[in-house]
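# Architecture and fold: a report
The residues making up each chain are set out below.
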Amino acid sequence: MRTPIIAGNWKMFKTVPEAKTFIEEVKGKAEVDGVESVICAPFTNLPALVEAAKGTSIKIGAQNLHFEDNGAYTGEISGEMLKDLGVDYVIIGHSERRAYFAETDETVNKKMHAAFRHGLTPIVCVGEKLEEREAGQTKDVCKVQTEAAFKGLSAEQAAQAVIAYEPIWAIGTGKSSTAQDANEVISYIRELVKGLYGEDVASKVRIQYGGSVKPENVTEYMGQSDIDGALVGGASLQPASYIQLVQGAK
Ligand SMILES: O=C[C@H](O)COP(=O)(O)O
């Protein structure tokens with residue numbers, strides 16, 4: 001039985017005081033037995049969030065890491081530094097990083113290894129662009145991205161990873177994939193994991209849907225056979241909405 005996981009991706013939003021207030025407001029409410037609740041925040045908020053979330057079941061994640069542990073990489077943050085702060089999760093390969101910050105399948109794979117080296121759970125993002133969907137290439141794109149991301153990882157590591165299927169055309173647009181379409185692609189991604197690691201790992205790996213998930217539609221996604229949660233941008237920013245997302249995932 002896979003534990004559902006709702007992860008808020010705050011992207012480049014919220015100051016430290018705003019982040020602290022958010023945790024105060026969701027404490028006890030965005031905490032539901034049998035649902036994992038994770039806030040992935042900008043680097044600047046992470047120490048305050050880890051502190052604010054102490055004593056709660058809310059986990060804190062970063063939105064990126066560098067693949068090396070240290071070195072002359074101005075402006076970068078390593079997995080070792082994140083672990084030192086008490087961070088548990090890290091988003092890797094979000095489509096915005098692939099599009100705007102030259103993230104490639106190769107760097108995504110190196111970052112997956114870096115995350116596991118430091119005991120961080122990766123939430124690795126895969127998904128197709130609108131033109132790829134229209135050309136019938138959704139599954140091909142997911143195959144290339146998923147297989148590249150998991151290259152060289154052990155079965156034990158793969159089973160712990162979280163995959164987020166995010167069709168790029170559905171991100172921040174209000175145009176969500178139907179729950180049935182998302183489930184079909186996510187089932188296919190699970191089959192890919194099965195092909196790489198076998199049935200046991202495939203049955204354990206958690207796969208989220210992301211793209212315009214809101215309190216109004218989260219239950220429909222969660223009702224699908226292969227969808228284990230959601231990676232949520234816009235609707236994770238307001239405490240009331242985040243609480244409803246976590247409660248709706250049960
Ligand atoms: O990481 C989250 C996704 O990019 C989805 O963003 P959204 O919920 O604002 O569409």
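None of the values given here were measured: they were computed from a predicted structure. (Residues numbered from 1 in each chain as written. Predicted model: local features only at pLDDT ≥ 70, side-chain atom pairs only at ≥ 80, totals over all residues. Heavy atoms only, no water.)

### Digging into the UniProt feature "active site" (unreviewed entry) in the protein
Sequence positions flagged by UniProt for "active site" (unreviewed entry) are, in local numbering, His 94 and Glu 166. These annotated residues cover 73 residues of sequence, but their C-alpha atoms sit close together, with the largest distance between any two at 8.5 Å. Residues from the annotated list that form part of the lining of the largest pocket: His 94. Along the chain, His 94 turns up in the loop between strand 4 (89–92) and helix 4 (95–100). With respect to the secondary-structure elements, Glu 166 resides in the loop between strand 6 (162–165) and helix 9 (179–197). Residue classification places Glu 166 among the buried residues on the basis of a relative accessible area of 5%. Each residue touching Glu 166, except ones within four places of it in the same chain, is listed here: His 94, Cys 125, Val 126, Gly 127, Glu 128, Ile 171, Gly 210, Gly 211 and Leu 231. (UniProt positions renumbered as here; feature names shortened; annotations may be inferred. 1 Å grid on protein atoms, 1.4 Å probe; cavity = no way out; pocket = protein on both sides within 12 Å on 5 of 7 lines; lining within 4 Å. Helix = DSSP H or I, 4+ residues; strand = E, 2+ residues; numbered from the N terminus. Buried < 20%, exposed > 50% of the residue type's maximum accessible area, 1.4 Å probe, protein only. Contact = heavy atoms within 4.5 Å.)

### Let's talk about the packing of aromatic side chains
Where two aromatic rings form a pair, the distance of their centres and the angle of their planes describe that pair. This structure, assessed with the given rule, holds six aromatic pairs. Measuring from ring centre to ring centre gives 6.3 Å for Phe 150 and Tyr 197, while their planes differ by 65 degrees; the resulting arrangement is edge-to-face. Remark: Tyr 197 occurs in helix 9 and Phe 150 occurs in the loop between helix 7 (138–149) and helix 8 (155–160); sequence separation between them is 47 residues. Across the pair, Tyr 197 and Phe 150 agree in class, each one buried. Aromatic pair Tyr 209 and Tyr 221: ring centres 4.5 Å apart, planes at 20 degrees, arrangement stacked. Of this pair, Tyr 209 sits in strand 7 (residues 206–210) while Tyr 221 sits in helix 11 (residues 218–222); the two residues are 12 residues apart in sequence, bridging distant segments of the chain. By relative accessible area, which is 0% here, Tyr 209 ends up buried. A cation over a ring is seen here: Lys 14 above Trp 10, with NZ or CZ 5.2 Å from the ring centre. When the ring centre of Phe 67 is taken as origin, the NZ or CZ atom of Lys 110, which lies over that ring, is 4.6 Å away. (Phe/Tyr/Trp six-rings, centres within 6.5 Å; stacked < 30°, edge-to-face > 60°. Lys NZ or Arg CZ within 6 Å of the ring centre and 35° of its normal.)

### Quick notes on the UniProt feature "binding site: substrate" (unreviewed entry) in the protein
Here the UniProt-annotated "binding site: substrate" (unreviewed entry) positions come out as Asn 9, Trp 10, Lys 11, Gly 172, Ser 212, Gly 233 and Gly 234. A stretch of 226 residues holds the annotated residues, and the largest C-alpha distance among them is 14.0 Å, short enough that they meet in one place. Among the annotated residues just listed, those lining the largest pocket are Asn 9 and Lys 11. Judged by its relative accessible area of 4%, Asn 9 is buried.

### What to know about the pairing of strand 1 (residues 5–9)
Where burial is concerned, most of strand 1 is hidden: five out of the five residues are buried. With burial as the criterion, each face of strand 1 is covered, one bearing Ile 5, Ala 7 and Asn 9 and the other bearing Ile 6 and Gly 8. Strand direction decides the pairing type here: strand 1 and strand 2 (residues 36–40), joined by five bridges, are parallel. Of the residues in strand 2, the one forming a bridge with Ile 6 is Ser 37. (Pairing = 2+ DSSP bridges.)

### Concerning the pattern of salt bridges
With the rule as written, the count across this model stands at 19 salt bridges. One salt bridge connects Asp 181 with Arg 133, and the closest N-O pair in it is separated by 3.4 Å. Of this pair, Asp 181 sits in helix 9 while Arg 133 sits in helix 6 (residues 130–134), and the two are 48 residues apart along the sequence. Note on Asp 181: relative accessible area 32%, which makes it partly exposed. For Arg 133, a relative accessible area of 22% corresponds to the partly exposed category. A cluster of three or more residues bridged by salt bridges with shared partners is formed by Arg 2, Arg 190, Asp 226 and Asp 228. (Salt bridge = Lys/Arg side-chain N within 4 Å of Asp/Glu carboxyl O.)

### With respect to the packing of helix 1 (residues 16–26) against helix 12 (residues 239–248)
Orientation of helix 1 relative to helix 12, taken along the N-to-C sense of each, is 50 degrees, at an axis distance of 9 Å. Judged on the interaxial angle alone, helix 12 and helix 1 are oblique. When the axes of helix 1 and helix 12 are compared, the crossing they make is right-handed. Between helix 1, through Phe 22, Glu 25 and Val 26, and helix 12, the contact on the second element is made entirely by Pro 239, Tyr 242 and Ile 243. In terms of residue class, the contact of helix 1 with helix 12 is made up of five nonpolar, no polar and one charged. (Axes fitted to C-alpha atoms, helices over the stretch in contact; angles between N-to-C directions. Parallel < 35°, antiparallel > 145°, perpendicular 65-115°, else oblique. Left-handed = near helix turned anticlockwise from the far one by under 90°. Nonpolar A, V, L, I, M, F, W, Y, C, P; charged D, E, K, R; others polar.)

### Structural notes on the site of the ligand
Near the ligand there are 13 residues, and of these Lys 11, His 94, Gly 172, Ser 212 and Gly 233 occur at the shortest range. Between the ligand and the protein, one listed contact pairs an oxygen atom with a backbone N or O atom of Ser 212 at 2.8 Å. Contact between the ligand and Gly 233: an oxygen atom at 2.9 Å from a main-chain N or O atom of the residue. Within the complex, 95% of the 300 Å² of free accessible area of the ligand lies under protein. In terms of residue class, the shell around the ligand is built from four nonpolar, seven polar and two charged. (Near = heavy atom within 4 Å. Polar contact = N/O pair within 3.5 Å; in protein donor to acceptor, adjacent residues only side chain to side chain. Areas by Shrake-Rupley, 256 points an atom, 1.4 Å probe, with all protein chains shown as cover.)

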